[in-house]
Amino acid sequence: MKRFVISVILLAAIIFGSITSLFVFDRKNDEMTERISYIQTLYKQNKTDEAEEKLARLDRFWNEYYNFMSFIVQSTKLEEISLSVSKLEYLLKMDSEEFLSECDSIKYGIQMIYDSEFPYLHSIF
């Protein structure tokens, strides 16, 4: 009976940890998407000074996000997004139209990571 109770407690702890990390993952994805969307809005309004400041904050947030996500996701997916995040400052200074598409690419990439890591019933069984 003790083994059964210990097994149930361990299983409950694993499930609780998984659900908690999923909610944190979702919240960080939403925050990342909101930050990028806000920077895109600033870019469209030609507020490049403010956009540069927000890009610096985005870069710091990305480093925290990367550290958290590296425990869950393959590093190759994160490296692709890291490359895109590092390009943003250069594209903003060059006033390139690629800036907006790179932002969209980052938002799409983090959504794809979330979708691929979400535990759907068909992927569990």
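Reference entry: report on the structure contained in this document. Keep in mind the model is a prediction, meaning the values are calculated, not measured. (Residues numbered from 1 in each chain as written. Predicted model: local features only at pLDDT ≥ 70, side-chain atom pairs only at ≥ 80, totals over all residues. Heavy atoms only, no water.)

1. Side note on the packing of helix H2 (residues 48-69) against helix H3 (residues 75-93)
For step 1, the next point in the chain: Interhelical geometry of H2 versus H3 gives an angle of 170° and a closest axis separation of 10 Å. Regarding the angle of H2 to H3, the classification is roughly antiparallel. Remark: the crossing between H2 and H3 carries left-handed chirality. Counted together, Thr-48, Ala-51, Glu-52, Leu-55, Leu-58, Asp-59, Trp-62, Tyr-66 and Met-69 of H2 and Ser-75, Leu-78, Glu-79, Ile-81, Ser-82, Val-85, Leu-88, Glu-89, Leu-92 and Lys-93 of H3 form the full contact between these two elements.
For step 2, the next point in the chain: A class-by-class count of the residues in the contact of H2 with H3 yields 11 nonpolar, 3 polar and 5 charged. (Axes fitted to C-alpha atoms, helices over the stretch in contact; angles between N-to-C directions. Helix = DSSP H or I, 4+ residues; strand = E, 2+ residues; numbered from the N terminus. Parallel < 35°, antiparallel > 145°, perpendicular 65-115°, else oblique. Left-handed = near helix turned anticlockwise from the far one by under 90°. Contact = heavy atoms within 4.5 Å. Nonpolar A, V, L, I, M, F, W, Y, C, P; charged D, E, K, R; others polar.)

2. Side note on the packing of aromatic side chains
For step 1, the next point in the chain: Inspection of every chain in the model, using the stated rule, returns 5 aromatic pairs.
For step 2, the next point in the chain: Pairing Phe-25 with Tyr-114 gives two aromatic rings, centres 5.2 Å apart and planes at 65°, and the pair type is edge-to-face. One end of the pair, Phe-25, is in helix H1 (residues 2-44); the other, Tyr-114, is in helix H4 (residues 98-117), and 89 residues separate them in sequence. The same class applies to Phe-25 and to Tyr-114, which are both buried.
For step 3, the next point in the chain: Relative to Tyr-66, the ring of Trp-62 lies with its centre 6.2 Å away and its plane at 55°, an arrangement referred to as tilted. On the criterion of helical spacing, the pair formed by Trp-62 and Tyr-66 is a turn pair, its members being 4 residues apart in helix H2. (Phe/Tyr/Trp six-rings, centres within 6.5 Å; stacked < 30°, edge-to-face > 60°. Buried < 20%, exposed > 50% of the residue type's maximum accessible area, 1.4 Å probe, protein only.)

These figures come from the coordinates and say nothing about function on their own.
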